[in-house]
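Structural description and commentary
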Amino acid sequence: MPGELQVMVAKIPSMNPATGEILSEIECASEEEVLAAVGRARVAQGAWSDLGVRRRIEILRQFQRRLHSRKSRIAEAITREAGKPAAEALVTEVLVVLDAARFLIDNAWGLLRDEAVPHGNLVTKLKSGRLVREPHGVIGIISPWNYPFSIPATEALAALVAGNAVVLKPSELTPQVALELASLLHAAGVPGDVFQVVIGEGPVGAALMRSPIDKLVFTGSVTTGKRIAAAAAERLLPVVLELGGKDPMLVLDDADVDVASSAAVWGAFVNAGQACLSVERCYVHHSLYESFAHACAEKTKQLRVGNGMDAHTDVGPMIRERQVRIVEAHVEDAKAREARVLAGGHRLPELGANFYAPTVLADVTHDMRIMREETFGPVLPIMACADDDEAVRTANDSEYGLAASVWTRDAKRGERLARRIHAGTVMVNDVVSCFGISEAPHGGVKASGVGRTHGRFGLDEMVRVKYLDMDRMPGMKKVWWHGYGESFRRQMEGFLDMQFARGMGTRLRGAWRAAGVVRRKQL
Ligand code: NAD
């Protein structure tokens, strides 16, 4: 059970999910060490903030250069610990982080600088306003194993450029990748205490929650997310929650079956289906249903499943056997309720304990677990629908709302439907790729989470907005201060009429009445 309370362990293994090989044993942080890390981060944060945005952008540039020159080594480290094909690690992890750095290098200065706030109300025209974006202080990041590099890195880069210190608690299943991230950041010039990693299982994350951090960015399951939200409520800690998804794909009657079926297969099986944005439900207009399902099945049978280190592998292992069991339970439930298995539908024990065959299911219904619960594995369930309305209704009939996609040759129709779908992102004619658009905000609605990462809105989460109010006439008492009376009441009525009455005559009379306020006697 994700997020279940366990005792703190002293060491955790870093394991290759394709082979079961233990790559290393890594020391875990104790509660005291988590507290000490946050304490050091707090001390170091002041100087980091004082460095200024431009210097921090230079450090990000160094990070980007180093990552680029080590791109293949980092991709292989990801494959060794998380299983995904190395080419996929390059595209969905390393490229995403290089581009997130590019976005911040180009935009952080403009997005973080002070912003003037012009006042519209006549009564406040004698004051000038400014928005000042301040770092929160120490930001805790708790991250999952499925994108062990791109998730914590994109969040950390935004936090750091905004002037925060970061303490990262990566998934216990992918600690080595987090340490690679730390060494890249430190070598680029981020001080050791400004970016720290605390290794361990759930209890280490819980210890980070209890520590005096100023904000938490959590990515993981809904179950753990709810625990985090409850603990955060106790101390009013601001949190961003990036949680699970059950993303629908809507294939309309004018869609290109060849393109859409390739998208469905990639969207369902990228990272062996272990992506928060993967295609987990597919609704196809009944006129295309059989040909679409057939095309998906044929393409799925051509996928090469194996060790991600092999350049020909399309689909790697799942992270652990317990994840395979969830997939198996969802597929067995669907089979028992008369879903048709068009491809896969079983484990691949000849490859190893963590392999499950990419699976296409047809004739699924909305009461099956495969259509309601997050499967997080290589399964593409396909359901026929009568028309666009039914497709939207079933797509919205979910506790989740991370992303969705609409497939059509008619852009206007696609946009109309996209606006009706309850999700943080809706793509027309693409799947999953929104995560790689550094300008696009990432996050969900409903159980898929609260807040945003990536882009302008992701950077906003890393700062507190302070409103700075400057009075232009410091020698003048404000007209609204004490010394009220009947004439002041009438003057204020006039003032309100002057600004808000409908007729010009009433406005002018209001202005005349209000004018007397300047001669008013005040305390
Ligand atoms: P998880 O919830 O089991 O663990 C996530 C992190 O929380 C891990 O680091 C874990 O050690 C830690 N944790 C566990 N219990 C904790 C506790 N009580 N207090 C504090 N921290 C605790 O999730 P997972 O299995 O690592 O990741 C898979 C889930 O993440 C899926 O549901 C997936 O959809 C979701 N996810 C969401 C996004 C997104 O951007 N919305 C991205 C990737 C993954």
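Above this text you will find the structure in question.
Quick caveat: nothing in here was measured; it's all calculated off a predicted structure. (Residues numbered from 1 in each chain as written. Predicted model: local features only at pLDDT ≥ 70, side-chain atom pairs only at ≥ 80, totals over all residues. Heavy atoms only, no water.)

**A closer look at the site of the ligand**
K169, E172, S221, E374 and H442 are the nearest of the 31 residues found near the ligand. H442 has a polar side-chain atom sitting 2.7 Å from an oxygen atom of the ligand. Calculation on the ligand without its partners gives an accessible area of 860 Å², and the protein chains cover 93% of this total. With 3 residues, helix α7 (residues 202-210) is the single largest residue contributor to the shell around the ligand. Taken together, the residues that form the shell around the ligand break down as 13 nonpolar, 13 polar and 5 charged. (Near = heavy atom within 4 Å. Polar contact = N/O pair within 3.5 Å; in protein donor to acceptor, adjacent residues only side chain to side chain. Areas by Shrake-Rupley, 256 points an atom, 1.4 Å probe, with all protein chains shown as cover. Helix = DSSP H or I, 4+ residues; strand = E, 2+ residues; numbered from the N terminus. Nonpolar A, V, L, I, M, F, W, Y, C, P; charged D, E, K, R; others polar.)

**Things to note about the sheet that holds strand β3 (residues 115-117)**
Hydrogen bonding along the main chain pairs the strands of a sheet, whether they run parallel or antiparallel. The strand order β3-β4-β18 describes an open sheet built from 3 strands, whose pairing is antiparallel. Whereas interior strands pair on both sides, the edge strands pair on one side only; in this sheet they are β3 and β18 (463-471). Averaged over all pairs of adjacent strands, the angle between strand axes in this sheet comes to 30°, irrespective of strand direction. Pairing of strand β4 (residues 127-135) with β18 involves 9 bridges; the strand directions are antiparallel. (Pairing = 2+ DSSP bridges. Axes fitted to C-alpha atoms, helices over the stretch in contact; angles between N-to-C directions.)

**As for the environment of A77**
Mapped onto the elements, A77 comes out in helix α3 (residues 71-82). Overall, A77 belongs to the buried group, its relative accessible area being 8%. The spatial distance from the C-alpha of A77 to the C-alpha of G485 is 75 Å, given a sequence separation of 408 residues. Every residue in contact with A77, bar those within four places of it in the chain, is listed here: V177 and E180. (Buried < 20%, exposed > 50% of the residue type's maximum accessible area, 1.4 Å probe, protein only. Contact = heavy atoms within 4.5 Å.)

**As for the pattern of salt bridges**
Per the counting criterion, the structure on display carries 40 salt bridges. Of the charged contacts in the structure, one is a salt bridge between K335 and E332, with a shortest N-O distance of 3.3 Å. Of the two residues, K335 and E332 both sit in helix α11 (residues 321-336), 3 residues apart, roughly one turn of that helix. A single salt-bridge network, built from bridges that share partners, covers E486, R489, R490, E493, D497 and R513. (Salt bridge = Lys/Arg side-chain N within 4 Å of Asp/Glu carboxyl O.)

**Considering the packing of aromatic side chains**
Overall, the coordinates contain 3 aromatic pairs when judged by the stated rule. Note on Y147 and F435: the rings are 6.3 Å apart at their centroids and 40° apart in plane angle, and the pair reads as tilted. Note that Y147 is positioned in the loop between β5 (138-142) and α5 (150-161) and F435 in the loop between β16 (425-428) and β17 (449-450), a separation of 288 residues in sequence. Both rings, one in Y484 and one in F488, keep their centres 5.5 Å apart while their planes meet at 5°; by these two values the pair is stacked. Lying across the ring of W109, R54 places its NZ or CZ 3.9 Å from the centre. For the cation-ring pair, R520 lies above F488, with the distance from its terminal atom to the ring centre recorded as 3.8 Å. (Phe/Tyr/Trp six-rings, centres within 6.5 Å; stacked < 30°, edge-to-face > 60°. Lys NZ or Arg CZ within 6 Å of the ring centre and 35° of its normal.)

**Here's the deal with the pairing of strand β6 (residues 165-169)**
With 5 of 5 residues buried, β6 is to be regarded as a mostly interior element. Both faces of β6 are covered, namely the face carrying A165, V167 and K169 and the face carrying V166 and L168. Two elements, β5 and β6, share 5 bridges in a ladder whose sense is parallel. Looking at β6, one finds that I142 is bridged to K169. For the crossover that starts at β5, traverses α5 and ends in the parallel β6, the hand is right-handed. (Right-handed = clockwise from strand over helix to strand, strands pointing away.)

**Notes on the sheet that holds strand β13 (residues 359-362)**
Taken in spatial order, the 7 strands make up an open sheet running β12-β13-β14-β11-β10-β15-β16, and their pairing is mixed. Each of the sheet's edge strands pairs with one partner strand only, and the pair in question is β12 (340-343) and β16. Each neighbouring strand pair of the sheet contributes to a mean axis angle of 20°, computed without reference to strand direction.

**Examining α3**
With 12 residues, α3 extends 16 Å between its outermost C-alpha atoms, agreeing within 8% with the 16 Å of an ideal straight helix rising 1.5 Å per residue. Regarding α3, the residues found buried are I74, A75, A77, I78, T79, E81 and A82. (Expected span 1.5 Å × (residues − 1).)

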